[in-house]
Structures are given as structure tokens and as C-alpha cells.
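Below, each chain spelled out in residue letters.
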Amino acid sequence: ESLMKSKLQYNQSPLYVVGAKMKLLTPIHASEGYYYIDLGFETNNSPFEQFIRSLDISGINHILENISAWYGDHADLTLTQIENEYVPTIKNGLNITDNDCPPIKLIIKSKVNSVEFFDQDEVSISYTLLKPGYEVTPLFTGISVCRNDRNIYLEWNIRQLKVDLPEESHTLSECLLYDSDT
């Protein structure tokens, strides 16, 4: 399977996006050097949602403006054909009647050694402490327009994931430190 990529940038600089407050929908899964992170948020046509949708449109426009680089000999494709291949970043949730599952979701695949997890006190934590339903705020970076043999999509990476841990999960508050000199 062939894969083409083009990084999205702003004024020739990497694009960093602080996400809206979201919910972790499933446990974070680590496999073959990647974290798979399912995030969801309520739709209310928020500025964040509008921004994500505008990046999707920018991705399509980038391909249209550089169509021969993306499609070579098939550069006579129409906007409709490109839109049919495009997989939008924001997807509707499968179970919109479930109050625990927000209607909008993002599925993110990020390299294991590129993501930092920390809590509301800015303490670094392990991803294994995170449970579905926890509120998180992601910092996205390395956003690329990608095309494989079947689809066009935006690839998102998470650089940091700030987690609002429930009070009962603060394991450090229950630790006792002993002075070895006594």
C-alpha cells in the first residue's frame, strides 16, 4: 500500500492545536510502537469543531491545488471524486443515545515515545492509569494530509494529553514517605 503525506503548517511552522475538553472513550491501547486513543466530545458547533472541519477543507484544497503531485497521470479528477475518498477527521459516534458516548469522536494513532501524559497538577502519569470517561485536553501536533490506496485523511498526533483524574484516583496522596534516619 502506498502512502503520500504533506504536513500542514502555519506560516511555515508546525501546527499545534490545543483541543477542546474531551472524554476518553476507551482504554488507551499500546501496540507495535503506537498508542491508539479514542476521544469524544459533545457537538455544539464549537470553535474547536469548526476549526477541525476547516482543516479538513484545507486538506482537500491542498490536494486540489497540487493534484498532479498527488495523483500523477490521473490529475483530471474532480472535487467530487476527491471528496468521496476523503475520510473526515470528526466522525459521528455510533451510539448517540448513550449519555456516556459523546456524539463526536476522534480516533488518534500516535507514536508511543512522542506522547506525554500528565494530570491536572502537571505530574507525569502512566497511560495505564487512564480509564474511559476521564476528561482530557489534548495538544495535537504533526498534522498531515495523507493519501493511501483507498482514502484521503488528516493524520493527527498527540504531543501531550492532560487528564483530569478523579480525586479518588490520586495514588500519590495515599503514599507515606519514611525518613531512613529514624
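The rules behind each value
- Residues numbered from 1 in each chain as written.
- Predicted model: local features only at pLDDT ≥ 70, side-chain atom pairs only at ≥ 80, totals over all residues.
- Heavy atoms only, no water.
- Helix = DSSP H or I, 4+ residues; strand = E, 2+ residues; numbered from the N terminus.
- Buried < 20%, exposed > 50% of the residue type's maximum accessible area, 1.4 Å probe, protein only.
- Areas by Shrake-Rupley, 256 points an atom, 1.4 Å probe, with all protein chains shown as cover.
- Core = buried A, V, L, I, M, F, W, Y, C linked by side-chain atoms within 4.5 Å.
- Salt bridge = Lys/Arg side-chain N within 4 Å of Asp/Glu carboxyl O.
- Phe/Tyr/Trp six-rings, centres within 6.5 Å; stacked < 30°, edge-to-face > 60°.
- Lys NZ or Arg CZ within 6 Å of the ring centre and 35° of its normal.
- Expected span 1.5 Å × (residues − 1).
- Arc of directions from axis to C-beta.

(A) Quick look at the overall build of the chain. The secondary structure content of the chain amounts to 3 helices and 13 strands. Each of the 182 residues in the chain was classed as buried or not, and the buried ones make up 36%. Of the accessible surface of the chain, which amounts to about 11200 Å², a share of 49% is contributed by carbon and sulfur atoms.

(B) Quick peek at the nonpolar core. L130 and F140 are the most contacted members of the largest nonpolar core, which has 40 residues in total. Those elements that provide at least two residues to this core are β5 (22-24), β7 (34-41), α1 (47-65), α2 (67-71), β10 (104-111), β12 (135-147) and β13 (152-164). For this core, the leading source of residues is β13, giving 6 residues.

(C) Looking closely at unusual backbone geometry. A positive phi angle, close to 60 degrees, is found at Q12, a residue other than glycine. With respect to the helices, strands and loops of the structure, Q12 is situated in the loop between β2 (9-10) and β3 (13-14). Its identity is not glycine, yet E122 carries a phi of approximately 65 degrees, on the positive side. When you line up the elements, E122 lands in the loop between β11 (116-119) and β12. According to the relative accessible area criterion, E122 is exposed, its value standing at 66%.

(D) Geometry of the pattern of salt bridges. Using the criterion set out here, one finds 5 salt bridges in the structure. Between E85 and R147 there is a salt bridge, with its nearest N and O atoms 3.7 Å apart. Within this pair, whereas E85 is found in helix α3 (residues 79-85), its partner R147 is found in strand β12, the two being separated by 62 residues in sequence. For E85, a relative accessible area of 22% corresponds to the partly exposed category. E116 serves as the salt-bridge partner of R159, at 3.8 Å between the closest nitrogen and oxygen.

(E) The arrangement of the packing of aromatic side chains in detail. Applying the stated rule across the entire model yields 6 aromatic pairs. Relative to F48, the ring of F41 lies with its centre 5.5 Å away and its plane at 65 degrees, an arrangement referred to as edge-to-face. Here F41 and F48 have matching classes, each one buried. Residues F48 and F140 carry aromatic rings whose centres are separated by 6.5 Å and whose planes lie at 10 degrees to one another, so their mutual orientation is stacked. Taken together, the residues F48 in helix α1 and F140 in strand β12 connect sequence positions 92 residues apart. An aromatic cluster is defined as three or more aromatic residues linked by ring pairs; in this entry it consists of F41, F48, F140 and W156. Over the face of the ring belonging to Y34 we find K109, whose NZ or CZ atom lies 4.4 Å from the ring centre.

(F) Highlighting α1. Its 19 residues give α1 an end-to-end C-alpha distance of 26 Å, which sits within 8% of 27 Å, the value for a rise of 1.5 Å per residue. Taken together, the buried positions of α1 are occupied by F48, E49, I52, L55, D56, G59, I60 and I63. Viewed end-on, α1 has its buried residues packed into an arc of 135 degrees, placing them on one side of the element. Opposite its buried face, α1 presents the exposed residues P47, I57 and E65, each directed more than 90 degrees away.

(G) Representation of the side chain of S110 in the model. You can see S110 is positioned in strand β10. With relative accessibility at 0%, the residue S110 sits in the buried group.

All quantities given are derived from atomic positions and should not be read as evidence of function.
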